[in-house]
Amino acid sequence: MTNLTMDNFEAEVLNEKKLTVVDFWATWCGPCMMLKPLIEALSEEMTNVKFCKVNVDEEQELSMQFRIESIPTLLFVKDGKIVHKLVGFRSKEELRREIEARA
C-alpha cells in the first residue's frame, strides 16, 4: 500500500484511472488498527484496485481538504473523482462488496 502525502496525492490518486481506495487512519485509533489487516489482505487479493493510506496526524492538510471528521474513513476515487465514502469499521466481506460495486 502506498503512503500518501500532499506531495504525491495527485499523482498516486487523482491521476489514477482505476479505482483507488484511500484509507484515512491514525495509530491511536482502535477501529483503524482493526481495519488495517483487512485492507492489507484486500490489497493483495484485489489487484485491479489500488490501495493507499493517509496518516491523519502526519497529513492534516489532506484530512482538511477532504473534510475527514471521523476515522477510519475510506474514500473511493476513480478518474480523479470521489465516487464513494465509508466511515467506520466494516467487515472484510462488506468492504469487498463495496469495492467490487465500484471497480
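My aim in this report is to walk through the structure given alongside it, one point at a time. Quick caveat, the model's predicted, so the values are computed rather than measured.

1. Describing the packing of aromatic side chains
Then step 1. Tallying each qualifying case throughout the model produces two aromatic pairs.
Then step 2. Each ring, one from Phe9 and one from Phe66, has its centre 5.0 Å from the other, and the planes form 40°; the classification is tilted. Taken together, the positions of Phe9 in helix H1 (residues 9-14) and Phe66 in the loop between helix H3 (60-65) and strand S4 (73-78) put the pair 57 residues apart, joining distant regions of the chain. Each member of the pair Phe9 and Phe66 is classed as buried.
Then step 3. Ring geometry for Phe24 against Phe66: centres 6.3 Å apart, planes inclined by 50°, an arrangement best described as tilted. Taken together, the positions of Phe24 in strand S2 (residues 20-25) and Phe66 in the loop between H3 and S4 put the pair 42 residues apart, joining distant regions of the chain. The same class applies to Phe24 and to Phe66, which are both buried.
Then step 4. A connected cluster of aromatic rings, assembled from ring pairs, spans Phe9, Phe24 and Phe66.
Then step 5. A cation over an aromatic ring shows up here: Arg102 above the ring of Phe76, its NZ or CZ 6.0 Å from the ring centre.

2. Details of the state of the cysteines
By definition, a disulfide links the sulfur atoms of two cysteine residues through a covalent bond.
Then step 1. Across all of its chains, the model carries one disulfide by this definition.
Then step 2. Two residues, Cys29 and Cys32, share a disulfide whose sulfurs are 2.4 Å apart. Because the sign of the S-S torsion sets the handedness, a value of about 75° for the bond joining Cys29 and Cys32 places this disulfide among the right-handed ones. Each member of the pair, Cys29 as well as Cys32, carries the same accessibility label: buried.
Then step 3. Between Cys52, a cysteine without a disulfide, and Cys32, which holds the nearest cysteine sulfur, the sulfur-to-sulfur distance is 16 Å.

3. Brief notes about the sheet that holds S4
Then step 1. Taking strand neighbours across the sheet as the criterion, the five strands line up as S1-S3-S2-S4-S5 in an open arrangement whose pairing is mixed. Either end of the sheet is taken by a strand with one partner, and the two such strands are strand S1 (2-3) and strand S5 (81-87).
Then step 2. Relative to strand S3 (residues 50-55), S2 runs parallel, the two being bridged by six bridges. Residue pairing for S3: Asp23 is matched across the bridge by Lys53.

4. Notes on helix H4 (residues 92-100)
Then step 1. For H4, every residue scored as buried is listed here: Leu95, Glu98 and Ile99. Along H4, the residues classed as buried sweep out an arc of 95° about the axis, all on the same side. Of the exposed residues in H4, the ones pointing more than 90 degrees away from its buried face are Glu93 and Arg97.

Conventions and cut-offs
- Residues numbered from 1 in each chain as written.
- Predicted model: local features only at pLDDT ≥ 70, side-chain atom pairs only at ≥ 80, totals over all residues.
- Heavy atoms only, no water.
- Phe/Tyr/Trp six-rings, centres within 6.5 Å; stacked < 30°, edge-to-face > 60°.
- Helix = DSSP H or I, 4+ residues; strand = E, 2+ residues; numbered from the N terminus.
- Buried < 20%, exposed > 50% of the residue type's maximum accessible area, 1.4 Å probe, protein only.
- Lys NZ or Arg CZ within 6 Å of the ring centre and 35° of its normal.
- Disulfide = S-S within 2.5 Å.
- Pairing = 2+ DSSP bridges.
- Arc of directions from axis to C-beta.

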